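The residues making up each chain are set out below.
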Number of protein chains: 2
Amino acid sequence: MTVRSRPGGRTARTKEAALEAATALMAERKGEAITMAEVAERAGVAPTSLYRRWPDVRALIAEAAVGQLMREQPMPDTGSLRGDLCAWARAAAQQIASGESVLFQALAANAASAGAGRKASGAEPLQPRGRQIAAMLERARERAEAAPPVADVLDHVLAPLYMRALFGAPADADYAEKLVDRLLG
Amino acid sequence: MTVRSRPGGRTARTKEAALEAATALMAERKGEAITMAEVAERAGVAPTSLYRRWPDVRALIAEAAVGQLMREQPMPDTGSLRGDLCAWARAAAQQIASGESVLFQALAANAASAGAGRKASGAEPLQPRGRQIAAMLERARERAEAAPPVADVLDHVLAPLYMRALFGAPADADYAEKLVDRLLG
């Protein structure tokens, strides 16, 4: 059986159809939980073929939302690390606070329905975005700037923005810049 | 009209009934969004009297969940700041990851339904917990330990645990301790 890894084969087409269906459903039903069955129906594939690739709907939704984020919002390249991080953090704060962040909305809606007692899936859906951030940090190091690890950027700039959004507390551009300054200084 | 501020008056009873109803609904419907109308019905009060106190259901849910958290999980008092922060962060990580955190579940379920385009409510539902944390930090200062501001504890220890839970990524006790060590420098 080599079907699973053949590029452009049936498995690749199923993956593509599932991610497209999830992206469309997220756009239509902003902030509402989505089920595997709904994605399968929209994609025209069997739910079992989705569970072969994703442990639960949260993992599928996260992969689709991160894919959309990367297509629509490339990381900035301003010539300095502080400039890059501030431009990114300000935009993220604005999007999350205004309810326009597909990623945050989808994660929140589906984190809750992933439900009590479930183990973390162990998936790392942010990894592709993490590689973009890593490239940004690498550019800074090539300019001889000191740059933190990717995990610190996510934990100490993105995470506080997410937490404030969960609590409905304000998180504006100034706050985003303060998080960047604290990280760098 | 002095009804709003009279202790034990009708307004106080409405508030109490609403918080009790919200707490009961959260326990029954873990991870599902709750509406103001449902809380009002359960509490036996008019929805309009809830909107007088809370701008949206998220603010009400957050106040109820923080109240429950404070009753059920007092902040630790181990004799050292690092000990206190580690005990708290380890317990928070375990609860959030296992889906037992009423606060996280309720916030996630209702953040999404708070919906696109809504402004942040400006509410600070974590404030009562913040005061408990502030007292813990004050005890440390009285022992002549250096202690960070409350906001840094929330942004740089609690927020990364929340973000990992949103992504279904693992966040265990070791990770929680690493966040504390980084905060304390």
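Conventions adopted
Residue numbers run consecutively from 1 along every chain, following the written order of its sequence. All chains are assigned letters beginning with A, and all ligands numbers beginning with 1, in the order in which they are written. In view of the model being predicted, local features appear only for residues whose pLDDT reaches at least 70, and side-chain atom pairs are presented and counted only at 80 or more, with totals across whole chains, interfaces and linings using the full set of residues. Heavy atoms from the whole structure form the basis of all side-chain values; hydrogens and water molecules are not counted. By definition, any uninterrupted DSSP run of H or I lasting at least four residues is a helix, any uninterrupted run of E lasting at least two residues is a strand, and each is numbered from the N terminus. The definition of a polar contact used here is a pair of N or O atoms within 3.5 Å, where within protein one atom must be able to donate a hydrogen and the other to accept one, and adjacent residues in sequence count solely through side-chain atom pairs. Throughout, a contact is declared for two residues whenever any of their heavy atoms are within 4.5 Å. The angle between two axes is taken between their N-to-C directions and runs from 0 to 180 degrees, where each axis is a line fitted to C-alpha atoms and a helix contributes only its stretch in contact. Helix crossings fall into two classes, left-handed where the near helix is turned counterclockwise from the far one by less than a right angle and right-handed where it is turned clockwise. For this classification, the nonpolar set comprises Ala, Val, Leu, Ile, Met, Phe, Trp, Tyr, Cys and Pro, the charged set comprises Asp, Glu, Lys and Arg, and every other residue, Gly included, is treated as polar. Definition used in this section: a nonpolar core is a set of buried Ala, Val, Leu, Ile, Met, Phe, Trp, Tyr and Cys residues joined via side-chain atoms within 4.5 Å. Partly exposed residues are those whose accessible area sits between 20% and 50% of the maximum for their type, while under 20% is buried and over 50% is exposed, using a 1.4 Å probe and protein chains only. Whether two aromatic rings pair depends on their centres lying within 6.5 Å, for rings of Phe, Tyr and Trp, where Trp uses its six-membered ring; planes under 30 degrees apart make the pair stacked, over 60 edge-to-face, and the rest tilted. Put simply, a charge is over a ring when the Lys NZ or the Arg CZ is close to the ring centre, within 6 Å, and near the line of the ring normal, within 35 degrees. To estimate the expected span of a helix, subtract one from its residue number and multiply by 1.5 Å.

Student: In this structure, what is going on with the side chain of Asp155 of chain B? I would like to understand it.
Tutor: Relative to the elements of secondary structure, Asp155 of chain B occurs in helix H8 (residues 150–166). In terms of polar contacts, Asp155 of chain B uses its side chain to reach the side chain of Tyr175 of chain A, at 2.9 Å. Setting aside chain neighbours within four positions, we find Asp155 of chain B in contact with Asp155, Pro160, Met163, Arg164, Tyr175 and Leu179 of chain A together with Pro160 of chain B.

Student: Help me understand the packing of helix H5 (residues 81–97) of chain A against helix H9 (residues 173–184) of chain A, please; the structure alone is not making it clear to me.
Tutor: When two helices pack together, their arrangement is given by the angle between the helix axes and the distance between those axes. All names here are of chain A. Closest axis-to-axis distance for the H5/H9 pair is 8 Å, and the angle between their directions is 140 degrees. Of the two possible hands of crossing, H5 and H9 adopt the one that is right-handed. Taken together, the residues of H9 that come into contact with H5 (itself represented by Leu81, Arg82, Leu85, Cys86, Ala89, Arg90 and Ala93) are Ala173, Ala176, Glu177, Val180, Asp181, Leu183 and Leu184. Per-class residue counts for the contact of H5 with H9 are ten nonpolar, no polar and four charged.

Student: It is not clear to me how the nonpolar core should be interpreted in this structure. Could you clarify?
Tutor: Nonpolar side chains in soluble globular proteins tend to end up buried together. Among the nonpolar cores identified, the biggest contains 121 residues, and Tyr162 of chain A together with Tyr162 of chain B are the most heavily contacted of them. The residues contacting Tyr162 of chain B, other than those within four sequence positions of it, are Met163, Leu166 and Phe167 of chain A together with Ile96, Leu103, Phe104 and Leu107 of chain B.

Student: Got a minute to help me understand the packing of aromatic side chains in this structure?
Tutor: The geometry of an aromatic ring pair is captured by two quantities: the separation of the ring centres and the angle between the planes. Per the counting criterion, the structure on display carries four aromatic pairs over all chains. Summarising the aromatic geometry, the rings of Phe104 of chain A and Tyr162 of chain A are spaced 5.2 Å apart at their centres and angled 70 degrees between planes, so their arrangement reads as edge-to-face. Note that Phe104 of chain A is positioned in helix H6 (residues 102–114) and Tyr162 of chain A in helix H8 (residues 150–166), a separation of 58 residues in sequence. By relative accessible area, Phe104 of chain A is classed as buried at 3%. What makes Tyr162 of chain A buried here is its relative accessible area of 3%. Measuring from ring centre to ring centre gives 6.3 Å for Tyr162 of chain A and Phe167 of chain B, while their planes differ by 15 degrees; the resulting arrangement is stacked. In this pair, Tyr162 of chain A sits in helix H8 while Phe167 of chain B sits in the loop between H8 and helix H9 (173–184), so the two residues belong to two different chains. Residue Tyr162 of chain A shares its accessibility class with Phe167 of chain B, and that shared class is buried. Taken together through their ring pairs, the aromatic side chains of Phe104 and Tyr162 of chain A together with Phe167 of chain B make up a single cluster. When the ring centre of Trp54 of chain A is taken as origin, the NZ or CZ atom of Arg53 of chain A, which lies over that ring, is 5.3 Å away.

Student: Any chance you could explain helix H1 (residues 10–28) of chain A here in plain terms?
Tutor: Helical geometry: 3.6 residues make up each α-helical turn, so side chains three or four residues apart lie on a common side. Counted at 1.5 Å a residue, the expected span for H1 of chain A with its 19 residues is 27 Å, and the 27 Å between its end C-alpha atoms agrees. All of the buried residues along H1 of chain A are Thr14, Ala18, Leu19, Ala21, Ala22, Thr23, Leu25 and Met26 of chain A.

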